[in-house]
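Observations on the model geometry
Next come the chains, spelled out residue by residue.
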Amino acid sequence: MTVSSTVAAAQPAPGARPAPGPQAATGAPDPTGEPPLFGSYARLGRVFPGLRVHAGAPRTGRGWARTADIVQHPAALRKLIAYDAALGLAEYGEPLRPDVAAGFCLHRYNWPVALLFTLPWLLERRVPRIPVERVSIRRSSGELTVRPDGFACLPGDPAAALPGARVVPDGRALRAELLTALAGHLAPVLAAFRPELRRGPRTLWGMATDDVVEGLWYLGALLGEEDRAVAELGELLPDGSQHPPFVGGAGFRSSARPGAPTTWTRSRASCCLFYTVRPADTCFSCPRTCTNKN
């Protein structure tokens, strides 16, 4: 469960290592002429076809769920969780615990939606503002719609003069913008899920932190930029620092061995609860075991 998309069939097995892809990430504007942010989303779709992002207003019907409805109406949230409960029964042959189904559902929302923020930051040095009212998700097809409410960028960005752009002075300020934008979107989502998961705020924010970190780590590897993504995440969420409401640092550790390429690992801040359905299987970054320690 440490690597996931919105489509269950596209999820790599727990413990799978992300494989580098052929496309490299750069800080320059997308050469295809895509509008700000959507060049990054297009690249996401090319290297990870299981997740597609569309520009536009939130949708309803035909399997679409608006995030605003999920956070405002318990019935809409429970309908989304029921989708994961049905997936779990089909996949594992027995019903998931209700809190586990809710946890899987939260993970499968946070992981792709966090990429709406983190991927443009990595690739374009732009951070969108995306309130919950501007997103919808269709789990059955792995699609999102998004209508950003402007973006922050650095001085000298060619998009700085565009409507909705807000220039911040440096990389540190842009990282602060990213954490603020992520927290603004995720806070109402976590609050809505909390009664279903029966977990406290710190645990929920630990889950969100893991999804933010591991989503960009995975996509960085697909883009051929795993080392850069790891370094950038280390600056975004440095170990030993407090950055509420997020819990813990990125926590990457290298596992370099003589004659072998360097690989990266980390320990999650939270448990994804996969052990409840496959006790013999352990996610490679599981905090409940010592198997991922150097």
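Everything discussed here concerns the structure shown above.
Predicted model, so just to flag it, every value in this text is computed and none were measured.

Calculation criteria
- Residues numbered from 1 in each chain as written.
- Predicted model: local features only at pLDDT ≥ 70, side-chain atom pairs only at ≥ 80, totals over all residues.
- Heavy atoms only, no water.
- Helix = DSSP H or I, 4+ residues; strand = E, 2+ residues; numbered from the N terminus.
- Buried < 20%, exposed > 50% of the residue type's maximum accessible area, 1.4 Å probe, protein only.
- Contact = heavy atoms within 4.5 Å.
- Areas by Shrake-Rupley, 256 points an atom, 1.4 Å probe, with all protein chains shown as cover.
- Salt bridge = Lys/Arg side-chain N within 4 Å of Asp/Glu carboxyl O.
- Arc of directions from axis to C-beta.

1. As for the overall build of the protein
In terms of helices and strands, the protein carries seven helices and nine strands. In the protein, which comprises 294 residues, the share counted as buried stands at 52%. For the protein, restricting intrachain contacts to residue pairs at least 6 apart in sequence, the fraction spanning at least 24 positions comes to 67%. Total accessible area on the protein stands at roughly 12,500 Å², and carbon and sulfur atoms take up 55% of it.

2. Side note on the pattern of salt bridges
This model, assessed by the stated rule, comprises 18 salt bridges. Residue Glu232 pairs with Arg125 through a salt bridge whose shortest N-O separation is 2.4 Å. Of the two residues, Glu232 sits in helix α7 (residues 226–236) while Arg125 sits in the loop between α4 (98–124) and β3 (126–128), which places them 107 residues apart along the sequence. For the pair Glu232 and Arg125, a shared accessibility class is recorded, and that class is buried. Between Glu235 and Arg175 there is a salt bridge, and its shortest N-O distance comes to 3.0 Å. Note that Glu235 is positioned in helix α7 and Arg175 in helix α5 (residues 171–197), a separation of 60 residues in sequence. In the salt-bridge network here, residues are joined through shared partners; they are Arg97, Asp99, Arg198 and Arg199.

3. Focus: unusual backbone geometry
Cis rather than trans, the peptide bond between Pro244 and Pro245 has omega equal to 5 degrees. Along the chain, Pro245 falls in the loop between α7 and β8 (253–254). Phi is positive for Leu37, which is not a glycine, with a value near 80 degrees. Relative to the elements of secondary structure, Leu37 occurs in the segment before α1 (38–47). The exposure class of Leu37 is buried, given its relative accessible area of 2%.

4. So, α7
Among the residues of α7, Glu226, Ala229, Val230, Glu232, Leu233 and Leu236 are the ones counted as buried. One side of α7 carries all its buried residues, which in axial view fall inside an arc of 170 degrees. Against α4, α5, α6 (201–222) and β9 (264–265) lie the buried residues of α7.

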